[in-house]
Amino acid sequence: MSSVRTPTRYRIQPIAPHAHLFEVACTVDDPDPQGQRFRLPAWVPGSYLIREFARHFVRVRAESPTGAVELVKETKDTWRAAGCTGPLSLIAHVYAYDLSVRAAYLDAQRAYFNGAAVFLCPEGRANAACELIVAAPEGSQFAQWRVATTLPSNGAPAYGFGRYRADSYDALIDHPVEMGHFALTSFEAGGTPHDIVVTGRQQADLPRLARDLARICNWQIELFDGVGARAPFDRYLFQIAAVAEGYGGLEHRSSTSLICRRGDLPARGVTAVTDDYLTLLGLASHEYFHSWNVKRIKPAAFVPYDLGREGYTRLLWAFEGITSYYDDLALARSGVVDPPRYLELLARTITTVLRSPGRFQQSLADSSFDAWIKFYRQDENTPNAVVSYYAKGALVALALDLLLRREGSGSLDDLMRLLWSRHGRTGTGVAEDGIERIACEIAGRDLSDFFARYVHGTEDPPLAAWLADFGVTVTLRPAQGLTDRGGKPASDPLPQSALDARIATDMKVHVVYSGGAAERAGLAAGDQIVAIDGLKSSTDGLRVLLDRSPPGTRVEIHAFRRDELLQCTAELTTPRADTCVLAVATDATEAAHARRKEWLGA
Ligand code: ZN
């Protein structure tokens with residue numbers, strides 16, 4: 001195909017904030033004379049679910065200077081305009097009211113979009129340069145709105161509406177755009193300007209957030225490129241939406257969109273590092289690490305992305321799991337938290353995995369492959385059938401790091417640097433066996449047994465034994481109540497028995513674990529427990545019962561399934577020791593302490 005000389009021109013404007021409608025135009029100056037086809041992505045890179053963004057295209061029409069052009073919808077996300085003389089414009093109204101980082105949102109307070117959800121790609125022009133006009137909504141109440149994006153300016157003032165550009169369609173959709181009122185703060189890392197933009201009502205200590213993120217970002221830049229190196233982008237933007245309840249992030253080549261609880265932002269006048277603040281720092285660290293690991297070092301299956309259908313790879317455990325391992329590790333290695341606090345975070349990840357019996361049903365490689373229909377489409381049976389390539393992937397990354405360090409051959413840091421130099425810098429995709437091959441190269445020996453057991457098989461890596469060599473002890477105990485995420489020693493007496501179900505505070509059954517007491521009794525997810533042993537049920541009552549009753553105790557349960565009352569008898573079991581606590585061993589050898597300091601920093 002001949003190279004396209006004219007840019008594809010886009011214009012987007014919030015035209016009806018109360019109706020949540022953007023007007024989006026895509027203009028081709030020299031359309032295909034046989035009829036120009038336009039396609040919308042079905043998914044957004046980084047989020048492995050077919051989202052069918054076209055379902056939010058409310059109305060689409062085609063125009064040329066001589067008037068309306070016939071437009072035919074050919075598939076769910078493809079339109080074809082009749083042959084005409086350009087310029088040809090497709091103009092769409094796009095409904096945007098998805099408060100997540102994966103699509104588009106518009107109301108009178110703010111506007112946000114991922115290009116994949118709003119910008120059509122003219123067929124044959126994916127590599128053409130793109131020009132974009134971001135137009136302000138009409139009305140005096142929007143006069144003070146600003147724009148935050150890392151799209152290069154093509155005339156737009158800093159943080160202003162106007163003209164932007166991108167080198168290709170792939171680049172156009174990898175710089176999400178935020179519009180509205182936002183708080184703005186900046187810092188420098190790796191000689192590169194970094195901005196933080198926060199939307200939503202908040203009164204946070206943003207200078208503190210900037211200081212902590214600067215340490216984390218500097219550490220990550222040093223990990224990949226060495227001390228004093230520049231970041232692999234000209235600028236970086238953290239787009240944070242602070243809401244009442246929410247959590248999520250999506251990585252982009254020089255920015256990330258995060259959604260967090262207002263309470264996760266650091267409060268003014270508080271110096272303690274709260275668990276909530278660590279949740280936000282861990283999320284920001286995770287997405288920033290993706291700037292290398294998945295945005296530049298990519299699975300071969302994503303080079304290039306085919307956004308029309310699922311992109312299958314068995315490597316998501318490496319791109320998400322290794323990133324999940326480093327997100328919290330970067331907090332320790334950059335000095336934002338001390339090693340004991342890091343061990344608390346790691347113990348929580350171990351706890352999450354130990355509470356997922358699905359890890360014995362599905363390997364990390366298979367979970368990666370089936371992310372589209374399983375991990376991203378979770379239901380009540382997910383804990384029994386699916387392993388998280390994030391959480392178990394992080395533990396396998398830890399295991400590989402410990403293995404390489406224990407043998408003295410290197411570390412996971414070396415693996416990341418080799419991936420960066422061979423794949424990230426060159427743009428060469430990582431083959432499906434590429435991670436294993438580089439790991440073997442660093443180890444100087446065959447590691448197929450490791451990968452067969454823990455990546456392609458369903459075994460747990462022997463972390464307790466391996467952590468002992470780093471002067472860290474692993475203690476496992478039963479959970480204490482609904483809010484016990486692990487990481488901390490037991491504070492109260494431990495329960496004597498278990499019902500083997502996840503029950504919410506309103507006594508609704510959320511998960512029934514395979515082969516457990518609740519399943520044998522006949523309880524199912526969705527059942528509303530109303531009485532236990534003839535008494536109105538409550539979480540406090542259930543906790544007292546489990547604390548005091550030995551395994552084998554039989555309890556009578558009344559529950560509604562939909563509107564039908566069921567009665568069943570459950571025989572309580574021995575609680576699983578699925579809650580992890582890590583601690584620095586007092587009796588470890590000097591060599592073990594030295595290894596730990598090398599691993600976590602002093
Ligand atoms: Zn991720």
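Residues numbered from 1 in each chain as written. Predicted model: local features only at pLDDT ≥ 70, side-chain atom pairs only at ≥ 80, totals over all residues. Heavy atoms only, no water.

(A) Molecular detail of the pattern of salt bridges. Applying the stated rule across the entire model yields 41 salt bridges. Close ionic contact of Asp-174 with Lys-295 constitutes a salt bridge, the shortest N to O distance being 3.2 Å. Note that Asp-174 is positioned in the loop between helix 2 (169-172) and strand 15 (177-180) and Lys-295 in the loop between helix 4 (275-289) and helix 5 (316-333), a separation of 121 residues in sequence. Given the relative accessible area of 9%, Lys-295 is considered buried. For Arg-561, the salt bridge is made with Asp-527, and the minimal N-O distance between the two is 2.9 Å. With Arg-561 in strand 26 (residues 554-561) and Asp-527 in the loop between helix 14 (517-521) and strand 24 (528-532), the pair connects residues that are 34 residues apart, well separated along the chain. (Salt bridge = Lys/Arg side-chain N within 4 Å of Asp/Glu carboxyl O. Helix = DSSP H or I, 4+ residues; strand = E, 2+ residues; numbered from the N terminus. Buried < 20%, exposed > 50% of the residue type's maximum accessible area, 1.4 Å probe, protein only.)

(B) Just the coordination of the zinc ion, in detail. Around the zinc ion, the protein supplies His-286 (NE2), His-290 (NE2) and Glu-320 (OE) as donor atoms, at distances of 2.0 to 2.1 Å. Between consecutive donor residues of the zinc ion, the sequence gaps follow H-x3-H-x29-E. With His-286 in helix 4 and Glu-320 in helix 5, this pair connects stretches of sequence that are 34 residues apart. By relative accessible area, which is 1% here, Glu-320 ends up buried. (Donors = N, O, S within 2.8 Å, 3.2 Å for Na, K, Ca; no water.)

(C) Fine view of the sheet that holds strand 20 (residues 255-261). Read from one edge of the open sheet, five strands run 16-17-18-20-19, paired in mixed fashion. The open sheet terminates on both sides in strands that have one partner only, identified here as strand 16 (183-189) and strand 19 (248-251). Each adjacent strand pair in this sheet contributes to an overall mean axis angle of 15°, direction not counted. Of the pairings in the sheet, the one linking strand 19 to strand 20 comprises four bridges and is antiparallel in character. When the bridges of strand 20 are listed, Gly-248 appears paired with Ile-259. (Pairing = 2+ DSSP bridges. Axes fitted to C-alpha atoms, helices over the stretch in contact; angles between N-to-C directions.)

(D) Structural detail: helix 10 (residues 412-424). Of the positions making up helix 10, those classed as buried are Leu-412, Asp-413, Leu-415, Met-416, Leu-419, Trp-420, His-423 and Gly-424. What you see down the axis of helix 10 is that its buried residues fit within an arc of 160°, all on one side. Check the buried side of helix 10 and you find it contacts helix 3 (206-225), helix 4, helix 5, helix 9 (391-406) and helix 11 (434-443). For helix 10, the N-terminal cap is Ser-411; the gap from its side-chain oxygen to the backbone nitrogen of Asp-413 is 3.1 Å. (Arc of directions from axis to C-beta. Contact = heavy atoms within 4.5 Å. Polar contact = N/O pair within 3.5 Å; in protein donor to acceptor, adjacent residues only side chain to side chain.)

(E) Representation of unusual backbone geometry within the structure. Of note, the amide linkage connecting Gly-86 to Pro-87 takes the cis form, showing an omega dihedral of -5°. Within the fold, Pro-87 resides in the loop between strand 7 (78-81) and strand 8 (88-95). Backbone geometry at Val-294 places phi at a positive 130°, although glycine is not the residue there. Counting through the fold element by element, Val-294 comes out in the loop between helix 4 and helix 5. Despite not being glycine, Arg-562 has its phi angle at roughly 55°, a positive value. Within the element layout of this structure, Arg-562 appears in the loop between strand 26 and strand 27 (564-571).

(F) Looking closely at the packing of aromatic side chains. For the coordinates displayed, the defined rule picks out 40 aromatic pairs. On the numbers, 6.1 Å between centres and 50° between planes, the contact of Trp-43 with Tyr-48 is tilted. With relative accessibility at 0%, the residue Trp-43 sits in the buried group. Pairing Trp-219 with Tyr-326 gives two aromatic rings, centres 6.3 Å apart and planes at 35°, and the pair type is tilted. Residue Trp-219 is located in helix 3, and its partner Tyr-326 is located in helix 5; the two are separated by 107 residues in the primary sequence. We classify Trp-219 as buried; its relative accessible area is 12%. A network of ring pairs unites the aromatic residues Phe-187, Trp-219, Phe-224, Phe-233, Tyr-236, Phe-238, Tyr-288, Phe-289, Trp-292, Tyr-325, Tyr-326 and Trp-420 as a single cluster. Above the plane of the ring of Tyr-159 lies Arg-146, whose end atom (NZ or CZ) is 6.0 Å from the centre. We note Arg-314 situated over the ring of Phe-369; from NZ or CZ to the ring centre the distance is 4.2 Å. (Phe/Tyr/Trp six-rings, centres within 6.5 Å; stacked < 30°, edge-to-face > 60°. Lys NZ or Arg CZ within 6 Å of the ring centre and 35° of its normal.)

(G) View of the sheet that holds strand 26. With antiparallel pairing, four strands are arranged side by side in an open sheet as 25-24-26-27. At either margin of the open sheet sits one strand with a lone partner, and together these are strand 25 (535-536) and strand 27. Relative to strand 25, strand 24 runs antiparallel, the two sharing two bridges. Looking at strand 25, one finds that Ile-532 is bridged to Leu-535.

(H) Seen up close, the packing of helix 6 (residues 339-354) against helix 9. At a minimum axis distance of 9 Å, the contact between helix 6 and helix 9 shows a crossing angle of 125°. What the angle tells us is that helix 6 and helix 9 run oblique. Classified by chirality, the crossing of helix 9 by helix 6 is left-handed. Residue-level inspection shows Leu-346, Thr-349, Ile-350, Thr-352 and Val-353 of helix 6 in contact with helix 9, the latter providing Ala-391, Lys-392, Ala-394, Leu-395 and Leu-398. Looking at side-chain class alone, the contact of helix 6 with helix 9 contains seven nonpolar, two polar and one charged residues. (Parallel < 35°, antiparallel > 145°, perpendicular 65-115°, else oblique. Left-handed = near helix turned anticlockwise from the far one by under 90°. Nonpolar A, V, L, I, M, F, W, Y, C, P; charged D, E, K, R; others polar.)

(I) Seen up close, helix 15 (residues 539-548). What helix 15 keeps buried is the set Leu-542, Leu-545 and Leu-546. Buried residues in helix 15, looked at end-on, bunch into an arc of 95°, giving them a common side. Exposed and oriented more than 90 degrees from the buried face of helix 15 are Asp-540 and Arg-548. As for helix 15, its buried residues are in contact with strand 22 (501-503), strand 24 and strand 26.

(J) Main features of the domain arrangement of the protein. As assigned here, the protein comprises domain 1 (8-180), domain 2 (182-273), domain 3 (292-471 + 589-602) and domain 4 (501-571). Centre-to-centre separation of domain 1 and domain 3, based on C-alpha positions: 36 Å. With 14 residues of domain 1 in contact, the opposing surface of domain 3 contributes 17 residues. Around 1,300 Å² of area is buried between domain 1 and domain 3 when both sides are counted, 66% of it from carbon and sulfur atoms. When the buried area of domain 1 at its contact with domain 3 is split by residue, Trp-43, Tyr-48 and Leu-49 rank highest and sum to 55% of it. Summed over the shared surface of domain 1 and domain 3, the number is four residue pairs in polar contact (both at pLDDT 80 or more). When the residues that make up the side of domain 1 that touches domain 3 are grouped by side-chain class, the tally is eight nonpolar, two polar and four charged. (Domains from an automatic or database assignment. Buried area = accessible area lost by both parts, 1.4 Å probe.)

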